Amino acid sequence: MSEIFNPKKEMFNNPQFGSMEEYKALVADFDNDYEGTWAKFADEKIDWFTPYNKILDESNAPFYKWFSGGTMNVAHQCVDRHLDTKKNKAAIIFEGDNGDKEIITYRELAYRVNQTANMFKNKFDIKKGDRVVIYMPMIPEAAVTMLACAKIGAIHSIVFGGFSAEALKDRIIDASAKLVVTADGAFRKGKPYMLKPVVDTALETGCECVKNVCIVERNGEDINWVSGRDYSYNELIKSESSVCEAEPMESEDPLFLLYTSGSTGKPKGVQHSSAGYILWAQMTMEWVFDIKDNDTYWCTADVGWITGHTYIVYGPLAAGATTVMFEGVPTFPDAGRCWKMVEEYQINQFYTAPTAIRLLHKMGENEPAKYDLSSLRILGTVGEPIDPPAWKWYYEAVGNSNCSIVDTYWQTETGGHMISPLPACTPIKPACATFALPGIIAEVIEENGTPTTTGEKGFMCITKPWPSMIRTIWNDDERFVKSYFGDCKKDGKAVYFTGDGAMVSEDDYITITGRTDDVINVSGHRMGTAEVEAAIKKHDNVASVAVVGKPHEIKGEGIFAYIVLKSDEGIADELEEMKTINQLIKAEIGAIALCDAMAFVPDLPKTRSGKIMRRILRSIVKGEEIIQDTSTLEDPSIVGIIESIVKG
Ligand code: WTA
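Everything numeric here is computed off the predicted structure, so don't read it as measured data.

Is there a simple way to explain the sheet that holds strand S17 (residues 322–326) in this structure?
Sheet strands pair by backbone hydrogen bonding; their relative direction is either parallel or antiparallel. Read from one edge to the other, the open sheet built from seven strands follows the order S5-S4-S17-S16-S18-S19-S20, with strand pairing classed as mixed. The two strands at the open ends of the sheet, each matched to only one other strand, are strand S5 (101–105) and strand S20 (404–408). Neighbour to neighbour, the strand axes of the sheet diverge by 20° on average, direction disregarded. Direction of pairing for strand S16 (residues 296–299) relative to S17: parallel, over a ladder of three bridges. Counted as the bridge partner of threonine 296 is threonine 322 from S17.

Listed below in structure tokens is the structure:
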């Protein structure tokens, strides 16, 4: 599908980008005066407490600093500054799994954020710079906790509720967190599920840094209370004052850490800044979602991922919008749940992942037609490449061929969107992220910086620093430089490499072709093969293992493991063995990393120096012809053996 869909302008009144000429004019402004144009937006958008004295400091590249010397506060930017004009506007509309509803106005949000901030200070002795781990379901208290941390300058680190005790423990220890905020649990598919027991297990060994656990009581199930350590959020909040001064934060003070997977080793604590991050969260919210004062916006992500950070909480609230938070899953009680909610709340912008679109398409192709979806103006997708059939169904069945689809390309590390169509402006090509947003210098290049030829794959790089970029990896500056500034250079200078490949078409459209490293994208969630392999290696009978991504109809990619056992005597039943290995993965990482399939093989294709040739393993699982040179392998015959096992 290379057809171009021209925007339906009549549905929009996009003040910023009425046409591609306006887009190009702003791109030209950035070309002519990069720093000055950024400064113009920073002055207009951010409510500074004290002005900054330098726009961009490149003296210690790649540790770039933006708006140095300025002070502000992200919770003030997202909540307090709106109180003069929007105090009774809905900030958060919450819908629970079982359909319970709560509407929190900006005034009410300010009230709760302040009480929570005071609780953190008074009861848990949380000070500026302390780390708070948040392990919570999708309930308003998660957003309140994030903002309360921001209000007092504590650094939050959210761990997605699907991660196991072991994964939670690693993240707590790496961040050296003083407080864990969690919930007894929540509801999913009509039933309660638990989170607090996972925290208990994580804290059993080796988390001495944690002094307290603060528990939101959501599902009312029985939990274990450790005296002197565990406190009820619902009880403590009652006695807290609703007045709390915002801590003045330097632009570069960290706002949060978010752990994400890389190609090697343990997850990395991506560190984001205060001013630069919130500036871009707000600008992209306004540009890409064309947020109007009366709009209701819904992003279905979980706050445990970057999409939830930037586009459920920080971006929408900084823009003074109404954001919907949903506790449940899109297929419960049936595959019409999302469309029912769109009708009920008259959602104007709906933002989700291709995996969800494929699932809803498969399970309820005709469901959208049963609801009035005419409020929708913009449909967004994020997290993985969207395939043309899913795009078409989204456009036609959900959007009634009337909405702009914004295929937003970005990453945990970029803080906000990098490449995306602009609604009512960019002529859209299905399944194509289109053009870099103004201010973002995105280039598809060879390692040495030469632009790739039209239609050829190259490295997706951002060649100039931008305000919302990752600042470092927590506690590991060296890994930061190596991971992102080690591979590509332009004009002799190291530039940010995303880890993705991309292609540029004749008419300059950018299409993302996927990761070039050992990161798998399962249902839009990043998973490092090294992490999954480390979990599998803990099995006593596993001699070696290699994990690769395998195309999956719904999830985009599934996880496939090639396993060499020490002894195959014990494995009369391969299915049983797979089950035990998957249990181990669930305990080490969580259910999101379960393998879809495994092959027990006599050996892996290794070079004489012992390096596993993963590319061969990827080709085998895709059923592709092996084009790689196998003559450098220690035992070239192994390739045919593995192929026949996989074809089985
Ligand atoms: C992939 C999610 C194609 C990409 C916001 C990236 C995409 C990784 C798109 C980041 C898209 C994200 N089209 N691929 N529109 N958006 N990706 O850190 O491989 O969880 O590097 O951030 O998702 O995943 P992360």
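What exactly am I supposed to notice about the environment of isoleucine 645 here?
With respect to the helices and strands, isoleucine 645 occurs in helix H19 (residues 638–647). Judged by its relative accessible area of 32%, isoleucine 645 falls in the partly exposed class. Taking the C-alpha atoms as reference, isoleucine 645 lies 7.2 Å from valine 601; in sequence the two are 44 residues apart. Setting aside anything within four residues of it in sequence, one finds isoleucine 645 in contact with Ala599, Phe600, Val601 and Pro602.

Looking at this structure, how should I read the site of the ligand?
Among the 17 residues in the neighbourhood of the ligand, the closest are listed as Asp407, Thr408, Thr412, Asp500 and Arg526. Here an oxygen atom of the ligand and a side-chain polar atom of glutamine 411 are 3.0 Å apart. One of the side-chain nitrogen or oxygen atoms of arginine 515 is found 2.8 Å away from an oxygen atom of the ligand. Against a free-state accessible area of 530 Å², the protein chains account for coverage of 96% of the ligand. Among the residues forming the shell around the ligand, the class breakdown is six nonpolar, six polar and five charged.

Honestly, the pairing of strand S30 (residues 556–565) in this entry has me stumped. Any pointers?
Counting buried residues in S30 gives eight out of 10 residues, a clear majority hidden from the surface. Relative to S30, strand S29 (residues 542–552) runs antiparallel, the two sharing 10 bridges. Residue pairing across strands places serine 544 opposite valine 564, the latter belonging to S30. Connecting S29 to the next strand, S30, in antiparallel fashion are three residues. For S30 and strand S31 (residues 597–600), the ladder comprises four bridges, and the chain directions are parallel. If you follow alanine 561 over to S31, its bridge partner there is methionine 598.

What exactly am I supposed to notice about the domain arrangement of the chain here?
Accessible area lost on assembly of the parts is the figure often given for the size of an interface. Domains assigned within the chain are domain 1 (444–513) and domain 2 (518–647). Its C-alpha centre places domain 1 at a distance of 29 Å from the equivalent point of domain 2.

Is there a simple way to explain the packing of helix H7 (residues 165–175) against helix H8 (residues 196–204) in this structure?
A pair of packed helices can be characterised by two numbers: the angle between their axes and the separation between those axes. For the pair H7 and H8, the least separation of the axes is 8 Å and the interaxial angle reads 60°. As summarised for this structure, H7 and H8 are arranged oblique, according to the angle between their axes. Crossing of H7 against H8: the hand is right-handed. Of the residues in H8, those in contact with Ala165, Leu168, Lys169 and Ile172 of H7 are Val198, Val199, Thr201, Ala202 and Leu203. When grouped by side-chain class, the residues that make up the contact of H7 with H8 number seven nonpolar, one polar and one charged.

Would you explain the sheet that holds strand S7 (residues 155–158) in this entry?
Across the sheet, eight strands lie side by side as S12-S11-S8-S6-S7-S14-S15-S23; this open sheet has mixed pairing. Lying at the two open borders of the sheet, with one neighbouring strand each, are strand S12 (230–232) and strand S23 (472–473). Bridge analysis of strand S11 (residues 212–216) against S12 gives three bridges, and the strand direction is parallel. Along S12, the bridge assignment pairs isoleucine 215 with serine 232.

In this structure, what is going on with the pattern of salt bridges? I would like to understand it.
If the charged atoms of two oppositely charged side chains come close together, the side chains can form a pair. Counting across every chain of the model gives 45 salt bridges. A salt bridge links arginine 229 to aspartate 200; its shortest N-O distance comes to 2.9 Å. Highlighted residues: arginine 229 in the loop between S11 and S12 and aspartate 200 in helix H8, separated in sequence by 29 residues. Pair check on accessibility: arginine 229 and aspartate 200 agree, each one buried. Lysine 238 is the salt-bridge partner of glutamate 235, the closest N and O atoms lying 3.1 Å from each other. Exposure remark for lysine 238: the relative accessible area of 60% places this residue in the exposed category.

Just to check I follow, could you spell out the packing of aromatic side chains for this structure?
To describe a pair of aromatic rings, one takes the distance between the centres and the angle between the planes. Counted according to the given criterion, the structure contains 43 aromatic pairs. For the pair phenylalanine 163 and tryptophan 305, a centre-to-centre distance of 5.9 Å together with 65° between the ring planes defines the contact as edge-to-face. Taken together, the positions of phenylalanine 163 in the loop between S7 and H7 and tryptophan 305 in the loop between S16 and helix H11 (306–318) put the pair 142 residues apart, joining distant regions of the chain. Residues phenylalanine 163 and tryptophan 305 agree in their burial class; the two are buried. Between phenylalanine 459 and phenylalanine 497 the ring centres are 5.0 Å apart and the planes differ by 90°, which places this aromatic pair in the edge-to-face class.

How do you make sense of the environment of lysine 128 when you look at a structure like this?
Assignment of secondary structure puts lysine 128 in the loop between helix H5 (106–124) and strand S6 (131–135). For lysine 128, a relative accessible area of 39% translates into the label partly exposed. Through-space distance from the C-alpha of lysine 128 to that of glycine 153 is 4.4 Å; in sequence the pair is 25 residues apart. Residue contacts for lysine 128: discarding those within four places in its chain leaves Ile152, Gly153, Ala154, Glu247, Pro248, Met249 and Asp253. A distance of 3.4 Å separates the side chain of lysine 128 from the side chain of aspartate 253, its partner in a polar contact.

What is the right way to read the state of the cysteines from this model?
A covalent bond between the sulfur atoms of two cysteines is what we call a disulfide. In the structure shown here, the tally under the stated rule is zero disulfides. Between cysteine 207, a free cysteine, and cysteine 209, which holds the nearest cysteine sulfur, the sulfur-to-sulfur gap is 5.5 Å. The exposure class of cysteine 207 is buried, given its relative accessible area of 5%. Free of any disulfide, cysteine 432 has its nearest neighbouring cysteine sulfur in cysteine 425, separated by 14 Å. The class of cysteine 432 is buried, set by a relative accessible area of 4%.

Whenever I open this one, the nonpolar core confuses me. Can you help?
In summary, soluble globular proteins display a tendency toward joint burial of nonpolar side chains. Of all hydrophobic cores here, the largest spans 125 residues; its most connected members are Leu109, Phe120 and Tyr314. Among the elements that make up this core, the one with the highest residue count is helix H10 (residues 275–288) (10 residues). Residues contacting phenylalanine 120, with those up to four places away along its chain left out, are Asp125, Ile126, Thr145, Ala148, Cys149, Ile152, Leu179 and Val181. With 42 residues, the next largest nonpolar core counts Phe163, Ala177, Val210 and Met527 among its residues.

I would appreciate a short explanation of unusual backbone geometry in the present structure.
The phi torsion of most residues other than glycine is negative, and most of the peptide bonds are trans. For the peptide bond that leads from alanine 61 to proline 62, omega is 0°, which places it in the cis range. Along the chain, proline 62 turns up in the loop between strand S1 (54–57) and strand S2 (65–68). Cis geometry is adopted by the peptide bond preceding proline 333, which originates at phenylalanine 332 and carries an omega value of 0°. Structurally, the position occupied by proline 333 is in the loop between S17 and helix H12 (337–345).

Please explain the packing of H5 against helix H6 (residues 140–152) as it appears in this structure.
Where H5 meets H6, the closest approach of the two axes is 8 Å, and the angle between their N-to-C directions is 65°. Helix-helix and strand crossings are classified by hand; for H5 and H6 the assignment is right-handed. Together, Leu109, Arg112, Val113, Asn114, Thr116, Ala117, Phe120 and Lys121 of H5 and Val144, Thr145, Leu147, Ala148, Cys149, Lys151 and Ile152 of H6 make up the contact between the two elements.

Reading guide: rules and limits
Per chain, the residues get numbers from 1 upward, laid out in the order the sequence is written. Only residues with pLDDT of at least 70 are given local features in this predicted model, and only at 80 or more are side-chain atom pairs given and counted; all residues enter the totals for whole chains, interfaces and linings. Side-chain figures throughout are based on the complete set of non-hydrogen atoms in the structure, without hydrogens or water. At least two bridges found by DSSP between two strands is the condition for calling them paired. A helix here means a DSSP run of H or I that spans at least four residues, while a strand means a run of E at least two residues long, and both kinds are numbered starting from the N terminus. Orientation is described by lines fitted to C-alpha atoms, with helices fitted over the stretch in contact, and by angles between N-to-C directions that extend from 0 to 180 degrees. Only protein chains enter the calculation, and the probe is 1.4 Å; a residue is then buried if its accessible area is under 20% of its type maximum, exposed if over 50%, and partly exposed in between. Whether two residues are in contact is decided by their heavy atoms, any of which lying within 4.5 Å being enough. A cutoff of 4 Å decides nearness: a residue is near a molecule or strand if any of its heavy atoms lies inside that distance of it. In protein, a polar contact requires one atom able to donate a hydrogen and another able to accept it; more generally it is a pair of N or O atoms within 3.5 Å, and residues adjacent in sequence count only if both atoms are side-chain atoms. Accessible surface is estimated by sampling points in the Shrake-Rupley manner with a 1.4 Å probe; for residues, cover comes only from the protein chains shown. Throughout, the ten residues Ala, Val, Leu, Ile, Met, Phe, Trp, Tyr, Cys and Pro are labelled nonpolar, Asp, Glu, Lys and Arg are labelled charged, and all others, Gly among them, are labelled polar. Domain delimitation in this document rests on an assignment produced automatically or drawn from a domain database. Note on terminology: angles under 35 degrees are roughly parallel, angles over 145 are roughly antiparallel, angles of 65 to 115 are roughly perpendicular, and the others are oblique. Definitions for this section: a left-handed crossing has its near helix turned counterclockwise from the far helix by less than a right angle. A right-handed crossing has that turn clockwise. Salt bridges are defined as contacts in which a side-chain nitrogen from Lys or Arg sits within 4 Å of a carboxyl oxygen from Asp or Glu. Only the six-membered ring of Trp is used, alongside the rings of Phe and Tyr, when aromatic pairs are assigned; centres must lie within 6.5 Å, and planes under 30 degrees apart are stacked while those over 60 apart are edge-to-face, with the rest tilted. Defined by distance alone, a disulfide is two cysteine sulfur atoms within 2.5 Å. Note on terminology: a nonpolar core comprises buried Ala, Val, Leu, Ile, Met, Phe, Trp, Tyr and Cys residues joined through side-chain atoms within 4.5 Å.

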